[in-house]
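The primary structure of each chain is shown beneath.
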Amino acid sequence: MRRLPTQLLKGTLEGALLGVIAGGETYAYEIHQALVAAGFGEVADGTIYPLLLKLEHGGQIEGVRRASPSGGPPRKYYHLLPAGAQALADFTADWDQMADAMAKLREAHHE
Amino acid sequence: MSETKHKHEETTAEAATGTEPESEGVRATGTASEADTARAAVTEHDPAADPDAHATLLPRNQDYYDRLAAYVTDAIGVDGVAADSTLAEIHRDLLQAQHDGIGAADYFGRDPQAIGDDIVANLPHRSRRGWVILGVVAWAVAFFLGGWRAIIEDPARVPVGTLALLALLLPLAILAITAWHRRRTFTRKKVRTSFLTILLAVQLVVLPLSDAVPHFGLVAVPAWFAVAAGFGLAALLVGFAIWLGLHSWVFAAIVGVLATLFAYPAADALGTLPGWWGRLMIPLMLVGLTLLVRAGDWLLPTRWQAKDRE
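Attention in this report is confined to the structure presented alongside it.

Details of helix α3 (residues 45-57) of chain A
Residue and element names in this part refer to chain A. Its 13 residues give α3 an end-to-end C-alpha distance of 19 Å, which sits within 8% of 18 Å, the value for a rise of 1.5 Å per residue. Buried within α3 we find D45, G46, I48, Y49, P50, L51, L52, L53 and L55. Positive backbone phi, at 75 degrees, marks G59, one or two positions downstream of α3.

Quick word on unusual backbone geometry
Residues and elements named next belong to chain B. A positive phi angle, near 50 degrees, is found at H247, a position not held by glycine. Following the sequence through the fold, H247 ends up in the loop between α10 (223-244) and α11 (249-270). The class for H247 is partly exposed, based on a relative accessible area of 45%.

A look at the interface of chain B and chain A
Facing the 22 residues of chain B at the interface are 21 residues of chain A. Summed over both partners, the interface of chain B with chain A comes to about 2000 Å²; 51% of that surface belongs to carbon and sulfur atoms. The largest per-residue losses of area from chain B upon contact with chain A belong to E89, R92 and Y107 of chain B, which jointly make up 32% of the total buried on that side. Between E89 of chain B and R65 of chain A there is a salt bridge whose closest N-O contact spans 3.5 Å. At the level of elements, α4 (80-99), α5 (104-108) and α6 (112-122) of chain B are the ones that each hand at least two residues to the side of chain B that touches chain A. It is α4 of chain B that provides the largest number of residues to the side of chain B that touches chain A, a total of nine residues. When its residues are assigned to classes, the side of chain B that touches chain A shows nine nonpolar, six polar and seven charged.

Topic: the side chain of Q305 of chain B
All names here are of chain B. Structurally, Q305 can be placed in the segment after α12 (275-299). On the basis of relative accessibility, which here comes to 7%, the residue Q305 falls in the buried class. Here the side chain of Q305 touches D297 through a polar contact of 3.2 Å, landing on its backbone oxygen. Once you skip the residues sitting within four places of it in the chain, Q305 turns out to touch I242, W243, G245, H247, G296, D297 and L300.

Digging into the environment of I102 of chain B
Positionally, I102 of chain B belongs in the loop between α4 and α5. Counting along the chain gives 41 residues from I102 of chain B to N61 of chain B, while the straight-line C-alpha distance between them is 9.8 Å.

Some remarks on the packing of aromatic side chains
Going through the model one piece at a time under the given rule, you end up with eleven aromatic pairs over all chains. Plain terms: the ring middles of F91 of chain A and W95 of chain A are 6.1 Å apart, the flat faces sit at 25 degrees to each other, and that makes the pair stacked. Of the two residues, F91 of chain A and W95 of chain A both sit in helix α4 (residues 82-110), four residues apart, roughly one turn of that helix. For F91 of chain A, a relative accessible area of 23% puts it in the partly exposed group. For W95 of chain A, a relative accessible area of 42% corresponds to the partly exposed category. When the centroid spacing of 5.0 Å and the interplanar angle of 10 degrees are considered together, the rings of W139 of chain B and F143 of chain B count as stacked. You can see W139 of chain B and its partner F143 of chain B sitting in helix α7 (residues 128-153), four residues apart, about one turn around the helix. Given the relative accessible area of 30%, W139 of chain B is considered partly exposed. Through a chain of ring-to-ring contacts, the aromatic side chains of Y49 of chain A together with Y64 and F108 of chain B assemble into a single cluster. In this structure, R182 of chain B is placed above the aromatic ring of Y71 of chain B, and the distance from its NZ or CZ to the ring centre is 3.8 Å. For the cation-ring pair, R294 of chain B lies above W249 of chain B, with the distance from its terminal atom to the ring centre recorded as 4.9 Å.

So, the packing of α11 of chain B against α12 of chain B
All names here are of chain B. Across the interface, α11 lies against α12 with an axial gap of 7 Å and an inter-helix angle of 135 degrees. For the element pair α11 / α12, the angle class is oblique. Two packed elements cross with a definite hand, and for α11 against α12 that hand is right-handed. Taking contact as the criterion, the partners of W249, A252, A253, V255, G256, V257, A259, T260, A263, Y264, A267 and D268 in α11 are, on α12, M281, I282, M285, L286, L289, T290, L291, V293 and R294.

With respect to a nonpolar patch on the surface
A contiguous nonpolar patch, built from I76, W131, L134, L165, L168, L169, L172, L175 and F216 of chain B and spanning about 780 Å² of accessible area, is present on the exposed surface. Elements represented by at least two residues in the nonpolar patch include exactly α7 and α8 (160-183) of chain B.

Each value, and the rule that gives it
- Residues numbered from 1 in each chain as written.
- Chains lettered and ligands numbered in written order.
- Predicted model: local features only at pLDDT ≥ 70, side-chain atom pairs only at ≥ 80, totals over all residues.
- Heavy atoms only, no water.
- Helix = DSSP H or I, 4+ residues; strand = E, 2+ residues; numbered from the N terminus.
- Expected span 1.5 Å × (residues − 1).
- Buried < 20%, exposed > 50% of the residue type's maximum accessible area, 1.4 Å probe, protein only.
- Contact = heavy atoms within 4.5 Å.
- Buried area = accessible area lost by both parts, 1.4 Å probe.
- Salt bridge = Lys/Arg side-chain N within 4 Å of Asp/Glu carboxyl O.
- Nonpolar A, V, L, I, M, F, W, Y, C, P; charged D, E, K, R; others polar.
- Polar contact = N/O pair within 3.5 Å; in protein donor to acceptor, adjacent residues only side chain to side chain.
- Phe/Tyr/Trp six-rings, centres within 6.5 Å; stacked < 30°, edge-to-face > 60°.
- Lys NZ or Arg CZ within 6 Å of the ring centre and 35° of its normal.
- Axes fitted to C-alpha atoms, helices over the stretch in contact; angles between N-to-C directions.
- Parallel < 35°, antiparallel > 145°, perpendicular 65-115°, else oblique.
- Left-handed = near helix turned anticlockwise from the far one by under 90°.
- Patch = residues over 30% accessible without salt bridge, like charges linked within 9 Å, V, L, I, M, F, W, Y side chains within 5 Å.
- Areas by Shrake-Rupley, 256 points an atom, 1.4 Å probe, with all protein chains shown as cover.

Laid out in structure tokens, this is it:
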């Protein structure tokens, strides 16, 4: 798996985070695991935290502290808010448009 | 990818044995199956089979976390409660990563200063109103502490003008020292609390420099004011300590010392006590005020005491 360029990640990670959280209530470590498993490669968890803070401050997600099932210290579980769902929809539309454009360019190049 | 895998196995071996490699250059040469065996061994012997059961980070990971935590919490103006909450989450993640055989730097990022800057930028900060209130409180505390020092030295010539000016400069000096201390978080050998740096810098640099400032606005403070201020500040300290309700002998002793620093000169202004009473006044005050704090802790109903922060 290739390590994705930082600039490419910067433009997509926020949308990716919203996509993971849209799948169900989750916490930071789990989000990180989901991103790695999805093929984002070695994404440092340190890049995820500032984005989670930004999304929370922007009212797109909400974090709720909940006791850990194993009885350990409480964790913060994030879920999507309506503004986050809208932001995700906008990102998905932009992504689809860009993916279509790239596909056409590649087609033209192969021709 | 293979470099990451080696690091993965190295940290797994460390997590299994609870030890650090002898040097940074040493790498575990185990295969993936040996790493799995090590992880399984930890799981087998650990009834919870859960990262929460491993309550501590390995030294290298702990150092990483401590430096990041110090860098974030020392950031000027950052909301302390929000910072603590975020850092607690990061600590949990590092524990879980360690349990999965991933070191802190590999998991969280190899440039903790840049990450710390990003985290600080996205944490809530003190509002303008909060800064104004803090500024006023800081000025008032610095003015009263400096004023008390001046009253003890020479109540007939208290430089109120100089004190008002220095009370503006002292909080700014503390902010500058904190910022300087923070810049060296990732380069100094050991993580040190900024409190010690500030205390040393104030005692060794700021206070001697402030003595060199010309005195102006001289007023004579009457004895009754010194008595009222001294006993009043001591009572305020003791009352605040009781309200905090920390139920700690160490904390009570510290408050006892500070309150004695105010109460003793006030008592002295009333006149020197004869004989043994005069000699025993300081230790008697110290013990008495400490016991007063503990007694107040115990007697004051809990609902009237400060609540713990989450």
